[in-house]
There are 2 protein chains.
Amino acid sequence: MKAEIITIGDELLIGQVIDTNSAWIAEQLNLIGIRVVQITSISDHNDHIIKALEESSKRAEIILMTGGLGPTRDDITKDALCEYFNTKLAFNQDAYKNIERIFKLRGFRITPLNRAQAEIPENCTMLLNANGTAPGMLFEKDGRIYVSMPGVPFEMKSLMADHILPRLQPLSLLSIIHRTILTQGVGESFLAAKIEAWETNLPVNIKLAYLPQPGIVRLRLSASGHDRHSLEKQVDESVKELYQLIPEYIFGEGDDTLEEIAGKLLKSHGYTLATAESCTGGYIAHLITGIAGSSAYFKGSVVAYSNEIKENILGVKPETLEKYGAVSEQTVQEMAEGIIEKFRVDCAIAVSGIAGPDGGSEEKPVGTTWICVQTPSGSITKKFTFGEHRGRNIRRAALAALDLLRVKVTG
Amino acid sequence: MKAEIITIGDELLIGQVIDTNSAWIAEQLNLIGIRVVQITSISDHNDHIIKALEESSKRAEIILMTGGLGPTRDDITKDALCEYFNTKLAFNQDAYKNIERIFKLRGFRITPLNRAQAEIPENCTMLLNANGTAPGMLFEKDGRIYVSMPGVPFEMKSLMADHILPRLQPLSLLSIIHRTILTQGVGESFLAAKIEAWETNLPVNIKLAYLPQPGIVRLRLSASGHDRHSLEKQVDESVKELYQLIPEYIFGEGDDTLEEIAGKLLKSHGYTLATAESCTGGYIAHLITGIAGSSAYFKGSVVAYSNEIKENILGVKPETLEKYGAVSEQTVQEMAEGIIEKFRVDCAIAVSGIAGPDGGSEEKPVGTTWICVQTPSGSITKKFTFGEHRGRNIRRAALAALDLLRVKVTG
């Protein structure tokens, strides 16, 4: 079963937008055993769209399109689809109801341009877009499946997850099982050396991929074969061995996030949390509050971006700041104690570091970061040396802090 | 003069790597007036490479390829090029000298695999790769130009800058100018209705594109013609009219971000800022502190994720919370006043809302958000109704708050 991806939009061809949709779609299709043979980015023109559809149909059975469906340039793509599938536009009541729902939520009035989004080719199956006004459209022709989706990534992703992947999965003959193990606090090459023997001894039908991100390395095992059940057993076995090999680095699996796992642990222990953040600037609080329901355990945060705030709000002693500096073991400990007292919480995370690009010194180079985590079951203060890049330092500090919290709450 | 880009590599088709090369190349070509008509990502296979070259040649005069030239899979792409251009591989002395130079720099010994990289199709022009061992290769056939480059971005970029763009520039007769205007707080369709007359009256050689993101709509004007200077004047004129038409929505141009612009404004006025955040959970502080040097104007934040913190730390009156609720005009005003007093700052942003998915009611549905901004030159409190999606509500609330700050600081 082969697929092609067509992304439509002049913004791609002038280089204003990087096509991230294609990589995401390709990865998802791969995960269900469907191979992508070509990705094509084309302009918003009728002829070009039709030509691309014709050519893709010669190479693949599944053709997924994104883009060209915004309210302002609706017509070109939909007209091209009508021409290609030999049909005409018709008003779709369900698509319109979805537009009404979304406009009601946003408190806006529907314009004629938005109403036109409910007009779709008569012979397509409308796919409800949970996150936007442009519906997905599915066509079948000569044994091939064609889908047109909006180009906005989060709208495309929900259409893929809600409608398209569930439809395509049964078409693939090969069973592929994936399991992704998440590690924190260890670099890719160090990890590779550590698990080398295990990797070499993996069954031949299991492939391992290292997927590094700043602060996190994901290990994805992909097993392919015809019997799903025995594949599952095989993968279970291999994963079990991995857990025994590197228990200290594994924090979760799949789509788990550290903030989610830390949150669940806090909840199950009945603990509350607050953060006192300097270099992370509120990013840890942001990660934690990104989780729905986090108000059950998260009370809040003080972002102390000046010494004055560290003293006045968190109660860090002026002598501590003077003697040891804002980026020091003593300061983060006092920040943690201060937030626990002020916010009346059980657990605290305190972080102070030099995010860069300026502010580094010989003794404390950019990337130097102190983290203190206090919980009823123990506390820890640790120094990290991250890199040169501001954004990455902030991200890595936050992940390291959440991981320390996870470890300390667990025991 | 039309161009196509072909990127070669299985890693693109399984979604492991996002194709960033194409956007970069397309942007560079656009800047010298060469239009990219299609971008195609294909696999490392002989037939597929030849087929893609044939098809591209029908549409464009310039075909730029990247990828498929690493030391381990050299042969496939180069063999395909030999077949397509009807030639054979030959050892190139200059290419080999470059390989020797690079290995000397890195302190490695040359392997046979690397020596093979100096073998290139006999009838191509070798383009010296300043940053790597795989040379660029330029072919001319039937009035068309073909270039093959390695896929490593920084190698490709130096080949483009050193050899390819200087060769292509004189071929382009057309100049193209782009300018992108950034708007906040207005939906795409509402904006389109608002500027419809202006859009209709744009000179025929200026095209307008709407590029929406959550909370932000970018308007890109692209003007093409033969005289760069008069194009610039034309675009200036059109942009000026747009500023007069929707001054309240425009916050910047090009790659500007709201947090950067707000930061610059605070700095130029000598103002300091702190935030009091409920539903945004530290995200506004995170955006602001993402900017290097933000400690010059940003003092910090209180994330008040419970009523208790709103009362105890920010000094919101219990009666206010009881009478009006945490998501209310009165509460955000008291939050703003509280943070100004506690943090001794000139400006404050206070936000309280229902991010969702739970916590909504008939009267205050999910997405309801109150924002208060106080500055020495004025203050404002405003209610917003965003959508259903937690992450997007947080993002949109933060952008709306930063935009209110921008407007109020400006005067």
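Positions within a chain are numbered from 1, following the residues in the order the chain's sequence is written. Whichever chain is written first is A, and whichever ligand is written first is 1; the rest continue in order. Two thresholds apply to this predicted model, a pLDDT of at least 70 for residue-level local features and 80 or more for giving and counting side-chain atom pairs, whereas whole-chain, interface and lining totals are computed over all residues.

Colleague: How should I be thinking about the overall build of chain A in this particular structure?
Modeller: Strands are runs of DSSP state E lasting at least 2 residues, helices are runs of H or I lasting at least 4, and numbering of each runs from the N terminus. When you go through chain A residue by residue, the secondary structure sums to 16 helices and 17 strands. Oriented by its inertia axes, the alpha-carbon framework of chain A measures out at about 80 × 60 × 40 Å. Exposed residues have 12 or fewer other C-beta atoms within 10 Å of their own C-beta, buried residues have 20 or more, and residues in between are partly exposed; the C-beta atoms are placed from the backbone. Looking at chain A as a whole, 45% of its 411 residues are labelled buried.

Colleague: Quick question: what am I supposed to make of the sheet that holds strand β13 (residues 273–277) of chain B here?
Modeller: Whether parallel or antiparallel, the strands of a sheet pair through hydrogen bonds between backbone atoms. An order of β17(A)-β16(A)-β15(A)-β13(A)-β14(A)-β14(B)-β13(B)-β15(B)-β16(B)-β17(B) is seen for the 10 strands of this open sheet, with the pairing classed as mixed. If you trace the sheet from one side to the other, it starts and ends with β17 (378–385) of chain A together with β17 (378–385) of chain B, each paired once. Neighbour to neighbour, the strand axes of the sheet diverge by 10° on average, direction disregarded. Where strand β13 (residues 273–277) of chain A lies against strand β14 (residues 298–304) of chain A, five bridges are found, and the strand directions are parallel. Pairing of alanine 276 of chain A across the sheet is with valine 302 of chain A, part of β14 of chain A. Two strands qualify as a pair provided that DSSP identifies no fewer than 2 bridges between them. For helices, the axis comes from a line fit to the C-alpha atoms of the stretch in contact; other axes are also lines fit to C-alpha atoms, and the angle between any two N-to-C directions lies between 0 and 180 degrees.

Colleague: Looking at this structure, how should I read the sheet that holds strand β6 (residues 125–127) of chain A?
Modeller: With respect to topology, 12 strands assemble into an open sheet ordered β6(A)-β7(A)-β8(A)-β3(A)-β1(A)-β2(A)-β2(B)-β1(B)-β3(B)-β8(B)-β7(B)-β6(B), the strand pairing being mixed. Since the sheet does not close on itself, it has two edges, and those belong to β6 of chain A together with β6 (125–127) of chain B, each with one partner. Taking each pair of neighbouring strands and ignoring which way they run, the sheet shows an average axis angle of 15°. Sheet topology places strand β1 (residues 2–8) of chain B next to strand β3 (residues 62–66) of chain B; five bridges connect them, and they run parallel. Looking at the pairing, glutamate 4 of chain B lines up with isoleucine 63 of chain B of β3 of chain B.

Colleague: Please explain the nonpolar core as it appears in this structure.
Modeller: Generally speaking, a soluble globular protein has its nonpolar side chains buried in company with each other. In this description, a nonpolar core means buried residues of the types Ala, Val, Leu, Ile, Met, Phe, Trp, Tyr and Cys, linked to one another by C-beta atoms lying within 7 Å. In terms of nonpolar packing, the biggest core is built from 126 residues, with Ala401 of chain A together with Ile371 and Ala401 of chain B touching the most fellow members. Looking at this core, the element that brings in the most residues is helix α16 (residues 390–410) of chain B, giving 11 residues. Every residue in contact with alanine 401 of chain B, bar those within four places of it in the chain, is listed here: Ile284, Ile349, Val351, Ile371 and Val373 of chain B. Whether two residues are in contact depends on their C-beta atoms, placed from the backbone: they are in contact if these lie within 7 Å.

Colleague: When you look at the packing of helix α11 (residues 258–269) of chain A against helix α16 (residues 390–410) of chain A in this model, what are you seeing that I'm missing?
Modeller: Axis angle and axis distance: for two packed helices, these are the angle between their axes and the distance between the axes, and together they describe the pair. Residues and elements named next belong to chain A. Orientation of α11 relative to α16, taken along the N-to-C sense of each, is 30°, at an axis distance of 9 Å. Put simply, α11 runs roughly parallel to α16. Helix-helix and strand crossings are classified by hand; for α11 and α16 the assignment is left-handed. Residues Leu258, Glu259, Ile261, Ala262, Leu265, Leu266 and His269 of α11 lie in contact with α16, whose contacting residues are Leu399, Leu402, Asp403, Leu405, Arg406, Val409 and Thr410. Any residue that is not Ala, Val, Leu, Ile, Met, Phe, Trp, Tyr, Cys, Pro, Asp, Glu, Lys or Arg is counted as polar, Gly included; the first ten are nonpolar and the last four charged. Partitioned by chemical class, the residues of the contact of α11 with α16 number nine nonpolar, two polar and three charged. Here roughly perpendicular refers to angles of 65 to 115 degrees, roughly parallel to angles under 35, roughly antiparallel to angles over 145, and oblique to all remaining angles. Left-handed describes a crossing in which the near helix is turned anticlockwise from the far one by less than a right angle; the clockwise case is right-handed.

Colleague: Would you take a moment to explain the domain arrangement of chain A for this structure?
Modeller: In many reports, interface size means the accessible area that the parts give up when they come together. Entries for chain A in the domain assignment read domain 1 (2–171), domain 2 (175–253) and domain 3 (258–410). Either an automatic procedure or a domain database provided the assignment from which the domain bounds are taken. Domain 1 of chain A and domain 3 of chain A are separated by 44 Å when their C-alpha centres are compared.

Colleague: Any chance you could explain the pairing of strand β2 (residues 35–42) of chain A here in plain terms?
Modeller: All names here are of chain A. Burial runs high along β2: six of the eight residues are buried. Where strand β1 (residues 2–8) meets β2, seven bridges bridge the pair, whose relative direction is parallel. Considered in β2, the bridge of glutamate 4 is made with glutamine 38.

Colleague: Looking at this model, I keep getting lost on the interface of chain B and chain A. Mind explaining?
Modeller: Opposite the 64 residues of chain B that make contact, chain A presents 61 residues. When the residues that make up the side of chain B that touches chain A are grouped by side-chain class, the tally is 32 nonpolar, 23 polar and nine charged. Here β14 of chain A runs beside strand β14 (residues 298–304) of chain B; their pairing, made up of five bridges, is antiparallel. Along β14 of chain B, the bridge assignment pairs valine 303 of chain A with serine 301 of chain B.

Colleague: How should I be thinking about the environment of glutamate 277 of chain B in this particular structure?
Modeller: Residue and element names in this part refer to chain B. Assignment of secondary structure puts glutamate 277 in strand β13. Residue classification places glutamate 277 among the buried residues on the basis of 34 C-beta atoms within 10 Å. In the structure, glutamate 277 is positioned 58 residues away from methionine 335 in sequence and 8.4 Å away in space, judged by C-alpha atoms. Look past the residues within four positions of glutamate 277 in its chain and what remains in contact with it is Gly282, Ile284, Ala285, Ser301, Val303 and Val351.

Colleague: Is there a simple way to think about the packing of helix α2 (residues 21–31) of chain B against helix α7 (residues 153–168) of chain B in this case?
Modeller: Residues and elements named next belong to chain B. The contact between α2 and α7 brings their axes to 11 Å, and the two run at 20°. Here α2 lies roughly parallel to α7, going by the angle between them. Pair α2 / α7 crosses with right-handed handedness. Here α2 contributes Asn21, Trp24, Ile25 and Gln28 to the contact with α7, which in turn contributes Pro153, Met156, Lys157, Met160 and Leu165.

Colleague: I would appreciate a short explanation of the environment of isoleucine 309 of chain B in the present structure.
Modeller: Relative to the helices and strands, isoleucine 309 of chain B resides in helix α13 (residues 307–312). Taking the C-alpha atoms as reference points, isoleucine 309 of chain B and cysteine 124 of chain B, 185 residues apart in sequence, are found 71 Å from one another. When near neighbours in sequence (up to four residues on either side) are disregarded, isoleucine 309 of chain B contacts Lys299, Gly300 and Phe343 of chain A together with Ala304 of chain B.

Colleague: Hey, could you run me through α7 of chain B in this one?
Modeller: Side chains of residues three or four places apart in an α-helix project in the same direction, reflecting 3.6 residues per turn. Residues and elements named next belong to chain B. Helix span is expected to be 1.5 Å times the residue number reduced by one. If you check α7, its first and last C-alpha atoms are just 20 Å apart, much less than what 16 residues at 1.5 Å a residue would give, namely 22 Å. Fitting axes to the seven residues that end at a residue and to the seven that start at it, the angle between those axes gives the bend at that residue. The largest bend in α7 comes to about 45°, at methionine 160. Residues Glu155, Met156, Leu159, Met160, His163, Ile164 and Leu168 constitute the buried set of α7. Buried residues along α7 sit in contact with α2, β3, β6, β7 (136–141) and β8 (144–149).

Colleague: Any chance you could explain the confidence of the model for chain A here in plain terms?
Modeller: Predicted coordinates in regions of low pLDDT should not be interpreted in detail. Values of pLDDT, which run from 0 to 100, indicate the predictor's confidence residue by residue. The predicted model of chain A averages 93 in pLDDT, with 99% of residues at 70 or higher. Confidence estimates for the predicted assembly give a pTM of 0.81 and an ipTM of 0.80.

Colleague: I tried to follow unusual backbone geometry on my own but got confused; where do I start?
Modeller: A negative phi holds for most residues other than glycine; trans holds for most peptide bonds. Residue proline 357 of chain A is reached from glycine 356 of chain A by a cis peptide bond, and omega for that bond is 0°. In this structure, proline 357 of chain A sits in the loop between β15 (347–353) and β16 (368–375). Although it is not a glycine, arginine 344 of chain A adopts a positive phi angle of roughly 50°. Its location among the elements puts arginine 344 of chain A in the loop between α15 (329–343) and β15. For arginine 344 of chain A, a count of 14 C-beta atoms within 10 Å corresponds to the partly exposed category. Within the chain, asparagine 86 of chain B stands out as a residue other than glycine whose phi angle is a positive 55°. As for its placement among the helices and strands, asparagine 86 of chain B is situated in the loop between α4 (74–84) and β4 (89–91).

Colleague: Before we go on, may I ask you to explain α2 of chain B in this structure?
Modeller: Turning to α2 of chain B, its buried residues number three or more, namely Asn21, Ser22, Ala23, Ile25, Ala26, Leu29 and Asn30 of chain B. For α2 of chain B, the secondary structure elements touched by its buried residues are α1 (10–13) of chain A together with β1, β2 (35–42), β3, α7 and β9 (175–184) of chain B. At the C-terminal side of α2 of chain B, glycine 33 of chain B shows a positive phi close to 85°.

Colleague: Could you clarify how one ought to interpret the environment of proline 376 of chain B in this entry?
Modeller: Residues and elements named next belong to chain B. The residue proline 376 is located in the loop between β16 (368–375) and β17 in this model. Note on proline 376: 12 C-beta atoms within 10 Å, which makes it exposed. Taking the C-alpha atoms as reference, proline 376 lies 6.4 Å from aspartate 346; in sequence the two are 30 residues apart.

Colleague: Sorry if this is basic, but what is going on with the pairing of β8 of chain B here?
Modeller: Remember that side chains alternate between the two faces of the sheet whenever the strand is regular. Residue and element names in this part refer to chain B. In the sheet, β3 pairs with β8 via five bridges, with the strands oriented parallel. Across the sheet, isoleucine 63 pairs through a bridge with tyrosine 146, a residue of β8. Sheet analysis places β7 next to β8, joined by five bridges and oriented antiparallel. Pairing of leucine 138 across the sheet is with valine 147, part of β8.

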